[in-house]
Amino acid sequence: MLRHRVELGALFLVAFSALASVVVVDAFTTTGPSFMSLRDIHASRTILSSSIDPNDEDELSKLIEKRNEIKRRKKAEEAPVERDLLEFEISEDEIVWDTLPEFKTARPVRKKKSSSDDSKKKKQEEEKNAGLDFLVDFEDENEFHIPNRIGVSTVAWGDASRNFVPKGKLTKKMRREGKFVPGDLQVAYNQLLENGISFFETSERYGATSRSSSLSAEHILARCMEEQKSENPVLIATTFSNPFPCVTKFGAKAVVSAVQNSCTRMDTSGVELLQVQSTFLYPGGRRALANGLSQAVDKGYCNYVGACNLSKGGMKSMIKKLEPYGLTLTSNQFEFSLTNRKADKKGLVDACKELGVIPLVRNPLDDGLASGKYTATNPSGGRAGGEAKFSFEKLEKLQPLHSVQETVAERASTRVKREQRDLNDRYRARYGPAPKVNTDITTTQVAINYVIAKGAVPLVEVTDSNQADEVLGCLGWSLSEEEVDMLDSAATLCGL
């Protein structure tokens, strides 16, 4: 390295000497400048190289090597020394046992959840089921639970006088007239069952004229159940019909025989609820009916018993007759609707609640008058070329009620949409998309939910998929107290 530096210095010295020997001339000088030749420069470099002592170069290299050695030793001293832990030997005398920490090896004990934790979990479950679980129990119902608090009446099934057509293809005109075939009933039944409506009310007299062709209401219901299997049980209520005007039924045996035949037609071993239509004029009286209902329960043909058209006093009397058999009156069926409020005025709904009886309401739409579809400005109900179902005088009288029904439907739709948005925000963050609830509420659905708001179970007549959609549109929402009061006030104003 020193040698290279000396050679470089010699080159600079030669170059400097060459520049010093340059003769500066101007434009008027005739003789050119004289320069050192490359041979002279090389000779000078050789002289300088030979003048360096080799011993000096070796001495310098030794000094550099010594310096590097010192650096290596210094780094080695600063580096942490890794020791093998196994080389240390500690005797027991050197250990101070009193200063050692205590080690806990016991299994941790699981604490019981506090009531606050249970309430928090319950609240989360309620939020998760909000708008989803429509099969909850109601405070005013007894042991017989009706899912969604809505039932379906099969009163028109198999009845030609109620637009039933046993076979054939229906024209558009026949559809507009409300005609239906067994296939329509199957489609409607499937829709209802798949969406949580599983309570069907029938009777041995529904569609009795079509019994010979196995197309009575009970026969058709049996076909629907056979065609559409469901994990949820189908709840059937059948009615022991009034024997008058032709008295062919009397005594307890007639009740057992009737329900046995009904089970045979429906191809089932038993029904959920057996009702008796007439309790006052029946041959043998209420005692015979109570005895017959008791035998039906004992033989497994039904699980619960009920009656039809009983007043508060009649319910008390029937309850007393059933007590010796260990039975109680489960239901009482009667007419009630927004345009037929006689039962409510008589306090029948409240009496049922007081006695622990479920009020089943047939004809909750009052043959369409309470649906709000037929109005003074639309007497045909929107059917092109259709005839007016009710007189103009009757519809004009109900005009204030129909106007309030439309207002309530709009208010309920707005309120349910807002509630659904809030539910979606809470539900989506924890459980994903919330279940859909109908927000396009119709006046028909207002009339059905009015009956539910009063504490009764409506038995809605369904004969096609459109009517099934109307019923399903009632699920997931309810009328507020203010909206019920508005409808009551309007009905009172109309003299209802």
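Residues numbered from 1 in each chain as written. Predicted model: local features only at pLDDT ≥ 70, side-chain atom pairs only at ≥ 80, totals over all residues. Heavy atoms only, no water.

**What to know about the overall build of the protein**
Counting its secondary structure elements, the protein contains 17 helices and eight strands. If you take every contact in the protein between residues at least 6 apart in sequence, the share linking residues at least 24 apart comes to 75%. Total accessible area on the protein is roughly 30200 Å²; 52% of this is exposed by carbon and sulfur atoms. (Helix = DSSP H or I, 4+ residues; strand = E, 2+ residues; numbered from the N terminus. Contact = heavy atoms within 4.5 Å. Areas by Shrake-Rupley, 256 points an atom, 1.4 Å probe, with all protein chains shown as cover.)

**Considering the packing of aromatic side chains**
Within the structure shown, the criterion is met by six aromatic pairs. A ring pair is formed by Tyr189 and Phe200, whose centres lie 5.0 Å apart and whose planes are at 35°; its orientation type is tilted. With Tyr189 in helix α6 (residues 182–194) and Phe200 in strand β2 (residues 199–203), this residue pair connects regions lying 11 residues apart in the sequence. Taken individually, Tyr189 and Phe200 each receive the classification buried, so the pair is uniform in this respect. (Phe/Tyr/Trp six-rings, centres within 6.5 Å; stacked < 30°, edge-to-face > 60°. Buried < 20%, exposed > 50% of the residue type's maximum accessible area, 1.4 Å probe, protein only.)

**Section: the side chain of Thr375**
Along the chain, the position of Thr375 falls in the loop between β7 (358–362) and α13 (392–397). One polar contact links Thr375 to Thr377, side chain to side chain, over a distance of 3.3 Å. In terms of polar contacts, Thr375 uses its side chain to reach the backbone amide nitrogen of Asn378, at 3.1 Å. Dropping the residues within four chain positions of it, Thr375 is found in contact with Leu395 and His402. (Polar contact = N/O pair within 3.5 Å; in protein donor to acceptor, adjacent residues only side chain to side chain.)

**A look at the sheet that holds strand β1 (residues 151–153)**
Strand order around the closed barrel formed by eight strands is β1-β2-β3-β4-β5-β6-β7-β8, with parallel pairing between neighbours. Within this sheet the neighbouring strands show an average axis-to-axis angle of 30°, counted without direction. As judged from the four bridges shared by strand β5 (residues 302–308) and strand β6 (residues 329–335), these two strands associate in the parallel manner. Paired with Gly306 across the bridge in β6 is Ser331. Strand contacts of helix α7 (residues 217–227): β2 and β3 (235–240), with the helix running at about 150° to β2, the strand carrying the most contacts. (Pairing = 2+ DSSP bridges. Axes fitted to C-alpha atoms, helices over the stretch in contact; angles between N-to-C directions.)

**Examining the pairing of strand β8 (residues 457–461)**
Counting buried residues along β8, four of its five residues qualify, which places the element largely inside the surrounding structure. Taken together, the three bridges between β7 and β8 define a ladder with parallel strand orientation. Residue pairing across strands places Arg362 opposite Leu459, the latter belonging to β8.

**Things to note about the pattern of salt bridges**
Throughout the structure, instances matching the rule amount to 11 salt bridges. Between Asp184 and Arg175 there is a salt bridge, with the nearest N and O atoms lying 2.7 Å from each other. Residue classification places Asp184 among the buried positions, given a relative accessible area of 13%. The partner of Lys312 in a salt bridge is Glu354, and the shortest N-O contact between them spans 3.2 Å. Placement of Lys312 in helix α10 (residues 312–322) and of Glu354 in helix α12 (residues 348–355) is noted, with a sequence separation of 42 residues between them. Relative accessible area serves as the criterion here: at 34%, Lys312 is assigned to the partly exposed category. (Salt bridge = Lys/Arg side-chain N within 4 Å of Asp/Glu carboxyl O.)

**Things to note about helix α9 (residues 285–298)**
Within an α-helix, residues lying three or four positions from one another point in the same direction, as the helix has 3.6 residues per turn. Between the first and last C-alpha of α9 there are 20 Å, a value that for 14 residues agrees with the 20 Å anticipated at 1.5 Å per step. In this fold, the buried residues of α9 make contact with β3, α8 (251–265), β4 (271–276), β5 and α10. (Expected span 1.5 Å × (residues − 1).)

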